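# Observations on chain architecture
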Amino acid sequence: MTSTSERAPGRRRLAQTGTISLRLGLLALVAIGIAGAVFELAFERHWGNLTQLIPWAALALLTLALVMLAYGDSPRTVTVVRVLAAVVLLTAAYGVFVHISVNYGAGGSDAEWSTLSPLSQWWYAATKTVGFAPPLAPGMLAQSALMLLLASLTSKRRELGA
């Protein structure tokens, strides 16, 4: 019968392989999220004004961060990636706010809008019952940024001596 200490190195290697696989899976999901957001923005022709260019800039930052994390693992690289991901998260939150606000503004064209309570008005704006801006679309950016943050918690390198 083998002791626990004799089995530990094998378990450590298996855990490291799992961590590396998790990292690669998260990076792949980030890449898929970026591609999906690019296609969605392109299909919607989301470039009509300066505000509509914001998600394009966020996608560029997210792509840069993805490439940096895929090819580098130094503490400085990880810090830069995390800062870029945080910027994208803030951008996504701003996008949700803008989309809901645009929808809220569109509600004024409805004759019954003024008879609704403020809570109902904001609910209709948030659920896209009124307006045309999809409030959850910026969530694609947030999801990809969060996955990138999670990937930055894993190491690309195997521990020596394992």
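Please read these numbers as outputs of a predicted model, since none were measured by experiment.

Thresholds applied
Residues numbered from 1 in each chain as written. Predicted model: local features only at pLDDT ≥ 70, side-chain atom pairs only at ≥ 80, totals over all residues. Heavy atoms only, no water. Helix = DSSP H or I, 4+ residues; strand = E, 2+ residues; numbered from the N terminus. Buried < 20%, exposed > 50% of the residue type's maximum accessible area, 1.4 Å probe, protein only. Areas by Shrake-Rupley, 256 points an atom, 1.4 Å probe, with all protein chains shown as cover. Contact = heavy atoms within 4.5 Å. Salt bridge = Lys/Arg side-chain N within 4 Å of Asp/Glu carboxyl O. Axes fitted to C-alpha atoms, helices over the stretch in contact; angles between N-to-C directions. Parallel < 35°, antiparallel > 145°, perpendicular 65-115°, else oblique. Left-handed = near helix turned anticlockwise from the far one by under 90°. Nonpolar A, V, L, I, M, F, W, Y, C, P; charged D, E, K, R; others polar. Core = buried A, V, L, I, M, F, W, Y, C linked by side-chain atoms within 4.5 Å. Phe/Tyr/Trp six-rings, centres within 6.5 Å; stacked < 30°, edge-to-face > 60°. Polar contact = N/O pair within 3.5 Å; in protein donor to acceptor, adjacent residues only side chain to side chain. Expected span 1.5 Å × (residues − 1). Arc of directions from axis to C-beta.

### Let's talk about the overall build of the chain
Within the chain, the regular secondary structure consists of five helices and zero strands. Overall, the chain shows an N-to-C arrangement of helices and strands of α-α-α-α-α. Within the chain, the fraction of its 162 residues that count as buried is 31%. Only carbon and sulfur atoms are counted for the fraction: they give 68% of the accessible area of the chain, which is about 10100 Å².

### Examining the environment of Ala 142
Tracing the sequence through the fold places Ala 142 in helix H5 (residues 139-151). Excluding residues within four positions of it along the chain, Ala 142 makes contact with Leu 89 and Ala 92.

### Focus on the pattern of salt bridges
Counted under the stated rule, the structure contains one salt bridge. Ionic pairing is found between Arg 23 and Asp 73, a salt bridge with its closest N-O pair at 3.6 Å. A residue pair is termed long-range when its members are at least 10 positions apart, and Arg 23 in helix H1 (residues 4-43) and Asp 73 in the loop between helix H2 (54-71) and helix H3 (75-106) qualify at 50 residues. Both residues of the pair, Arg 23 and Asp 73, count as buried.

### Topic: the packing of H2 against H3
Close contact between H2 and H3 brings their axes to 9 Å; oriented N to C, the two are set at 155°. The angle between the axes of H2 and H3 places the two elements in the roughly antiparallel class. Judged by the sense of rotation from one axis to the other, the crossing of H2 with H3 is left-handed. Contacts between H2 and H3 involve Ile 54, Ala 58, Leu 61, Leu 62, Leu 64, Ala 65, Met 68 and Leu 69 from the former and Thr 77, Val 78, Val 80, Val 81, Leu 84, Val 87, Val 88, Thr 91 and Tyr 94 from the latter. The residue inventory of the contact of H2 with H3, partitioned by class, reads 15 nonpolar, two polar and no charged.

### Description of the nonpolar core
The biggest cluster of nonpolar side chains holds 24 residues, and the ones touching the most others in it are Leu 69 and Leu 148. Residue assignment for this core shows that the elements contributing at least two residues are H1, H2, H3 and H5. Apart from residues no more than four positions distant in its own chain, Leu 148 is found in contact with Leu 27, Val 30, Leu 62, Ala 65, Leu 66, Leu 69 and Val 81.

### Topic: the packing of aromatic side chains
One pass over the full model with this rule turns up four aromatic pairs. On the basis of an interplanar angle of 45° and a centroid distance of 6.4 Å, the ring pair of Trp 47 and Trp 56 is categorised as tilted. We classify Trp 47 as partly exposed; its relative accessible area is 45%. In this structure an aromatic cluster arises from ring pairing among Tyr 104, Trp 113 and Trp 122.

### Here's the deal with the side chain of Thr 154
Mapping Thr 154 onto the fold places it in the segment after H5. Assessed through its relative accessible area of 12%, Thr 154 is described here as buried. For Thr 154, the side chain forms a polar contact with the main-chain oxygen of Ala 151, separated by 2.7 Å.

### Observations concerning H2
Over its 18 residues, H2 runs 26 Å from end to end, which matches the ideal 26 Å to within 8%, given 1.5 Å per residue. Those residues of H2 that fall on the buried side of the exposure criterion are Pro 55, Ala 58, Leu 59, Leu 62, Ala 65, Leu 66 and Leu 69. Around the axis of H2, the buried residues are gathered within 125° of arc, so they sit on the same side.

### Considering the side chain of Ser 144
Along the polypeptide, Ser 144 turns up in helix H5. The exposure class assigned to Ser 144 is buried, which follows from its relative accessible area of 2%. Beyond its immediate chain neighbours, meaning those up to four positions away, Ser 144 contacts Val 30, Gly 33, Ile 34 and Leu 62.

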